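Below, each chain spelled out in residue letters.
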Amino acid sequence: MAEADTPSMEELRRRSHQDLRRRTIAHMQARTTDLSDGPRRIDPAVYVDPRRFEEEKRELFRKRPVCVALTGDIPNPGDKMLVDALGPAILLTRGKDGVLRGFLNMCPHRAARLVNECDARSRMTCRFHGWTFNLEGELIGLPGKEGFAGIDKAELGLIPVPVAEWHGMIFVRAAPNGDPIDVEEWLGPMAGELAHLELAAARPVKSSMIPAGANWKYAFDTYGESYHFATLHPTTIGSLAFSNTMTHRSHGRHFRIGFPRADFIDYGDKPEDQWPPSDYGGLYMVFPAMVINVNTLPDGGMFYGISRVFPGETPDQCVTLMTTYRPGHELDGRPDDAWAAMHDFIEKVVRTEDYSVSAEGQRNLAHAPEGFRMVFGANEAVLQKQHAEIDRILAQSNES
Ligand code: FES
Ligand SMILES: [Fe+2]
């Protein structure tokens, strides 16, 4: 295709969103939903077994890449970010050269935690004995250096952790000195879908840390089905979107999901060229536990609501980092209020409705009778596929 004919990212996004809206409206009109080939039984051990939990943390959150942030969260030289939820304490820095780097947040002297405050300074000094490092991780200040005669200073730099920045998404592999991250290989057929969101230009408006007394999968499962909208969310999400009707598409181990919004009913039976333009993009689910909600504000402005769910200290704990962003094309003179209000609304729904029911369910699972099995219905197809992928990865690691 000639250069001039290559569609812009905006055009690709528009086409993809229109396709999703077409498929969700078809389900809404037919009162149908995507179904798998049947229900699946789920062993509660998946959510409560400590050994399984350790395997998941190792295989999914340390060995493999996890998207932890967007470029807009750490945009300028000198910026730092702390990532503690993957296991090892990790420090991200943006160097003077603009390059993002990852290190263990650990002083090579006697392993003290190096950074606790994310200031914008270009040097980082350990509070224990004052060793000082630059943003590239090199040791540039060694008090009492005669005590370390014979050791090459170059050996005493911070220990690197692989990071990759791709189209505004920041991935970390929480394995010190680990293999570099091939983002496109990891994202597979989802890569194009994510690239057209132009996440590199998005700016964070508001962030919340939401702890939950539930296994990380129990919490993440609540994002992947609309079966519960009318019952769990009668006055919130349930009044904005139809219940138990959704469309999804697998892109390798990742998903796109569409839920019919209540306003689709106003025009769904009209010819498509009479539909109002919409930036509704549904959910982009990035394995293992990130969801990007691409949706619109009441006034039509677009927002990206990103939730990243991480395992907690025990199988029955998790934490979610939720951030609401303004996309690059929404960065005009308007104040952030509408985006912040949307953040507060979703945060409250997730905390008081989704995660509250998750914590109650988790507690019951710990006391479920021998032989009890949960059920994922055929209408909870994304959950079935997500769990099957996790099972596949764990089985593979147990073979090797
Ligand atoms: S542990 Fe950091 S300077 Fe000693
Ligand atoms: Fe929900």
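Residues numbered from 1 in each chain as written. Chains lettered and ligands numbered in written order. Predicted model: local features only at pLDDT ≥ 70, side-chain atom pairs only at ≥ 80, totals over all residues. Heavy atoms only, no water.

A. The pattern of salt bridges, seen in detail. Scanning the entire structure with this criterion turns up 34 salt bridges. Among the ionic pairs, Arg13 bridges to Glu198, the shortest N-O distance being 3.1 Å. Of this pair, Arg13 sits in helix H1 (residues 9–30) while Glu198 sits in the loop between helix H5 (191–195) and strand E11 (203–212), and the two are 185 residues apart along the sequence. According to the relative accessible area criterion, Arg13 is buried, its value standing at 4%. Of the residues examined, Glu198 reaches a relative accessible area of 37% and is grouped as partly exposed. Asp344 is the partner of Lys206 in a salt bridge, and the nearest nitrogen-oxygen pair spans 2.7 Å. Remark: Asp344 occurs in helix H9 (residues 337–366) and Lys206 occurs in strand E11; sequence separation between them is 138 residues. Each of Arg203, Asp299, Arg326, Glu330, Asp332, Arg334 and Asp336 takes part in a single network of salt bridges with overlapping partners. (Salt bridge = Lys/Arg side-chain N within 4 Å of Asp/Glu carboxyl O. Helix = DSSP H or I, 4+ residues; strand = E, 2+ residues; numbered from the N terminus. Buried < 20%, exposed > 50% of the residue type's maximum accessible area, 1.4 Å probe, protein only.)

B. A look at the pairing of strand E12 (residues 247–251). Examined bridge by bridge, E12 and strand E13 (residues 254–258) share five bridges and lie antiparallel to one another. Considered in E13, the bridge of Ser250 is made with Phe255. From the end of E12 to the start of E13, which pair antiparallel, there are two residues, and Gly252 there has a positive phi angle of about 65°. (Pairing = 2+ DSSP bridges.)

C. Fine view of empty space enclosed by the protein. Going through the model one piece at a time under the given rule, you end up with two cavities of 30 Å³ or more. Of the voids in this model, the largest cavity is the one considered here, and its volume is about 50 Å³. As for the largest cavity, its lining consists of Phe61, Val66, Cys67, Val286, Phe287, Pro288, Ala289, Met290, Arg308, Val309 and Phe310. Mapped by element, the contributors of at least two residues to the lining of the largest cavity are strand E2 (66–70) and strand E16 (302–311). (1 Å grid on protein atoms, 1.4 Å probe; cavity = no way out; pocket = protein on both sides within 12 Å on 5 of 7 lines; lining within 4 Å. Points joined across faces, edges and corners; volume = space filled by probe spheres on them.)

D. Region of the structure containing the packing of aromatic side chains. For the coordinates displayed, the defined rule picks out 10 aromatic pairs. Centroid distance Trp131 to Phe148: 5.3 Å. Interplanar angle 85°. Geometry classified as edge-to-face. Residue Trp131 is located in the loop between strand E6 (123–125) and strand E7 (132–134), and its partner Phe148 is located in the loop between strand E8 (139–141) and strand E9 (163–166); the two are separated by 17 residues in the primary sequence. With relative accessibility at 3%, the residue Trp131 sits in the buried group. Ring geometry for Tyr267 versus Trp275: centroids 6.0 Å apart, planes at 50°, classification tilted. Taken individually, Tyr267 and Trp275 each receive the classification buried, so the pair is uniform in this respect. Through a chain of ring-to-ring contacts, the aromatic side chains of Phe264, Tyr267, Trp275 and Tyr280 assemble into a single cluster. Residue placement shows Arg326 over the ring face of Trp339; its charged tip is 3.8 Å from the ring centre. (Phe/Tyr/Trp six-rings, centres within 6.5 Å; stacked < 30°, edge-to-face > 60°. Lys NZ or Arg CZ within 6 Å of the ring centre and 35° of its normal.)

E. Region of interest: unusual backbone geometry. Here the residue pair Phe287 and Pro288 is connected by a cis peptide bond, since its omega of 5° sits within 30 degrees of zero. Its location among the elements puts Pro288 in the loop between strand E14 (282–286) and strand E15 (290–296). At Glu198, a position not held by glycine, the phi torsion is positive, near 50°.

F. Fine view of the UniProt feature "domain: Rieske" (unreviewed entry) in the protein. Per the UniProt record, "domain: Rieske" (unreviewed entry) is annotated on residues 65–172. Between the C-alpha atoms that bound residues 65–172 the distance is 5 Å, and the span itself is 0% helix and 33% strand. (UniProt positions renumbered as here; feature names shortened; annotations may be inferred.)

G. Main features of the nonpolar core. Among the nonpolar cores identified, the biggest contains 78 residues, and Leu86, Met169, Leu194 and Ile292 are the most heavily contacted of them. Look past the residues within four positions of Ile292 in its chain and what remains in contact with it is Met169, Leu194, Leu197, Leu199, Gly282, Leu283, Tyr284, Tyr304, Gly305 and Ile306. Grouped together as the second largest cluster of nonpolar side chains are 14 residues, Phe103, Ala112, Met124 and Phe133 included. (Core = buried A, V, L, I, M, F, W, Y, C linked by side-chain atoms within 4.5 Å. Contact = heavy atoms within 4.5 Å.)

H. Structural context of the environment of Met290. Looking at where Met290 falls in the secondary structure, it is placed in strand E15. Taking the C-alpha atoms as reference, Met290 lies 5.7 Å from Ser307; in sequence the two are 17 residues apart. Sequence-distant contacts of Met290, that is, excluding residues within four places in its chain, are made with Cys67, Met169, Phe220, Tyr284, Met285, Ile306, Ser307 and Arg308.

I. Structural context of the coordination of the iron ion (ligand 2). The coordination sphere of the iron ion (ligand 2), as far as protein atoms go, consists of His228 (NE2), His233 (NE2) and Asp354 (OD), spread over 2.0 to 2.1 Å. Motif for the iron ion (ligand 2), donor spacing along one chain: H-x4-H-x120-D. (Donors = N, O, S within 2.8 Å, 3.2 Å for Na, K, Ca; no water.)

J. Molecular detail of the environment of Pro288. Exposure remark for Pro288: the relative accessible area of 3% places this residue in the buried category. Each residue touching Pro288, except ones within four places of it in the same chain, is listed here: Leu60, Phe61, Trp216, Phe220 and Gln386.

K. A look at the pairing of E13. Where burial is concerned, most of E13 is hidden: five out of the five residues are buried. Neither face of E13 is exposed, since His254, Arg256 and Gly258 on one face and Phe255 and Ile257 on the opposite face are all buried. With three bridges joining them, E13 and E14 adopt antiparallel strand pairing. Within E14, the position partnered with Arg256 by the bridge is Tyr284.

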